[in-house]
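So the chains spell out like this:
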Amino acid sequence: MNKIKIILITLVFTFGLSIQSNSKTVPASFADLAERLMPSVVNISTTQTVTTTTNPFPFQFPPGSPFEDMFKEFGTPQERKSAALGSGFIIDEKGIVVTNNHVIQDAEDIVVRVNGDQEFNAKVIGADPLSDIAVLQLDTEEKFTPVAFGNSDKARIGDWVIAIGNPFGLGGTVTSGIISARNRSIGLSRYEDYIQTDASINSGNSGGPLFDMSGDVIGINTAILGRNGSIGIGFSIPSNSAKIVIDQLIEFGETKRGWLGVRIQEVSQEIADIEKLDEPRGALVASVAENSPSAKAGVKAGDIILEFNGVKINQMKELPAIVAKTKVGSTVKVKIWRNKKEITKNVLLGRLETSDDFKVSEKQSETPKDLIIKDLKITVRTLTKDDIKNRKLPNQTTGLIVTKIGNSSPLRNSISENSIIVEAQKTKIKTASDLEKIVKKVLKSNQKTILFAIYNTQNQRRYIGVKLD
């Protein structure tokens, strides 16, 4: 009997030690961590004036009907206040707050609530739509409890994380989960390297922090998958990428991103075989902008960028983010695969925000002109930001809206008017000139077949192959 007691005591003692030894990886409770961090997480509410026109008629026109615009002028303009909610976190005791750009964009008034009961007006120090990050300054002399940034590069799939925010305006809410994936791209911005988590993130959590188990911020919660709330897939901007933008916004009030001046595409297996590259890797230079840093350094279309500033480029999508993080005005070594051998170019990096590439993309919100693509016998106009918003396309979509299709157009039986051409021959289309150059190149080839990627009138993305005359 005594032997049995000893065995039981030994088992209990051993089991207890096992739980204790695993407590670092499987927390018994998040209560202490949440209690320490919640005073640094804030709720953000914004207001803006929205002007709408009332319908003067006792009936409604179908959405998209030409009569909608025709009779708008008979309505009475009415102004109303629109409110939005979000989250943020304090990074400096003087009341500097980080949130998402989309939380405060176009806001006339920004009110930040701290500790659930203190309210402060806030002004925007700087905002960056490309990364969806904004930095605010609270209008007060009070001191606050800041949180620190962690190293997001060390975050691993399976690590525990907690999210704190303001879902549905409910106030400070804590959810937990794990990092379920890394390096996610979901078509929201130009620079995407999201941390994916199953910690519940809902509407109102935008701009809130994603913490590791040390209480450091490793991500800024920015998006969810699912229109009606969380389905267990949320996305956060990694802290290492965010901190570069935040520091620039605080220091300059704007971003200063590195710029190479190349348009790139994926290296397929076929291209790797043709170029005698050991495997599909790097970024294929589709074109080089005139007078750009790359042009001045001797980079050419057809080069494959294998390494940038000591960092190997495994996939094409990695290059833009790495370039953007690099200091403007620095000289970097770029390893290139050309003519079946590796060469190195020294590139003096420019600034994206002052480049022609950036200016062209910014002009997308202006009223575009109709242009004729003679070889395709179609009329097109540049896709605008309003088009992207109205058709609910990914934010960084570029392309051409087809406004007219000629009777003898090779596209006549393949697409309809109001379709959007976003790629040709796997190359992104930004301007009519981009498309014309590709079409002329195809016409000079023996194949005379062109592969288009389009959004049809139902906003479904698909590929079509078209034989040119």
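Here, every reference points to the structure presented above.
Residues numbered from 1 in each chain as written. Predicted model: local features only at pLDDT ≥ 70, side-chain atom pairs only at ≥ 80, totals over all residues. Heavy atoms only, no water.

Draft legend 1. Quick peek at helix α5 (residues 239–252). Over its 14 residues, α5 extends 19 Å from the first C-alpha to the last, a length consistent with the 20 Å expected when each residue adds 1.5 Å. By the burial criterion, the buried members of α5 are S239, S241, A242, V245, I246, Q248 and L249. Of the residues flanking the end of α5, it is G253, one or two places downstream, whose phi is positive at about 80°. (Helix = DSSP H or I, 4+ residues; strand = E, 2+ residues; numbered from the N terminus. Expected span 1.5 Å × (residues − 1). Buried < 20%, exposed > 50% of the residue type's maximum accessible area, 1.4 Å probe, protein only.)

Draft legend 2. Expanded view of the side chain of D212. The topology assignment puts D212 in the loop between β10 (209–211) and β11 (217–224). The side chain of D212 sits in the buried core without any salt bridge; R36 is the nearest counter-charge, 7.2 Å away. Separated by 2.9 Å, the side chain of D212 and the backbone nitrogen of D216 make a polar contact. Apart from residues no more than four positions distant in its own chain, D212 is found in contact with L33, W160 and I218. (Lys, Arg positive; Asp, Glu negative; His and termini not counted. Salt bridge = Lys/Arg side-chain N within 4 Å of Asp/Glu carboxyl O. Polar contact = N/O pair within 3.5 Å; in protein donor to acceptor, adjacent residues only side chain to side chain. Contact = heavy atoms within 4.5 Å.)

Draft legend 3. Main features of the sheet that holds β11. The antiparallel closed barrel is built from six strands, whose spatial order is β7-β8-β9-β12-β11-β10. Shown here is a sheet whose adjacent strand axes are inclined to one another by a mean of 45°, direction ignored. With five bridges connecting them, β11 and strand β12 (residues 234–238) associate as antiparallel partners. Of the residues in β12, the one forming a bridge with N221 is S236. Lying over the sheet, α5 contacts β11 and β12, oriented at roughly 55° with respect to β12. (Pairing = 2+ DSSP bridges. Axes fitted to C-alpha atoms, helices over the stretch in contact; angles between N-to-C directions.)

Draft legend 4. Quick look at the side chain of D132. Relative to the helices and strands, D132 is located in the loop between β5 (118–128) and β6 (133–138). Leaving out residues up to four positions away in the same chain, D132 has contacts with T99, N100, N101, H102, T222 and I237.

Draft legend 5. Local environment of the pattern of salt bridges. Enumeration over the complete set of coordinates arrives at 13 salt bridges. Taking the shortest distance from any N to any O, the salt bridge between R257 and E353 comes out at 3.6 Å. A residue pair is termed long-range when its members are at least 10 positions apart, and R257 in the loop between α5 and β13 (258–259) and E353 in the loop between β20 (350–351) and α9 (356–362) qualify at 96 residues. Overall, E353 belongs to the buried group, its relative accessible area being 15%. Ionic pairing is found between E353 and R351, a salt bridge with its closest N-O pair at 3.3 Å. Across this residue pair, the class does not change: E353 and R351 are buried.

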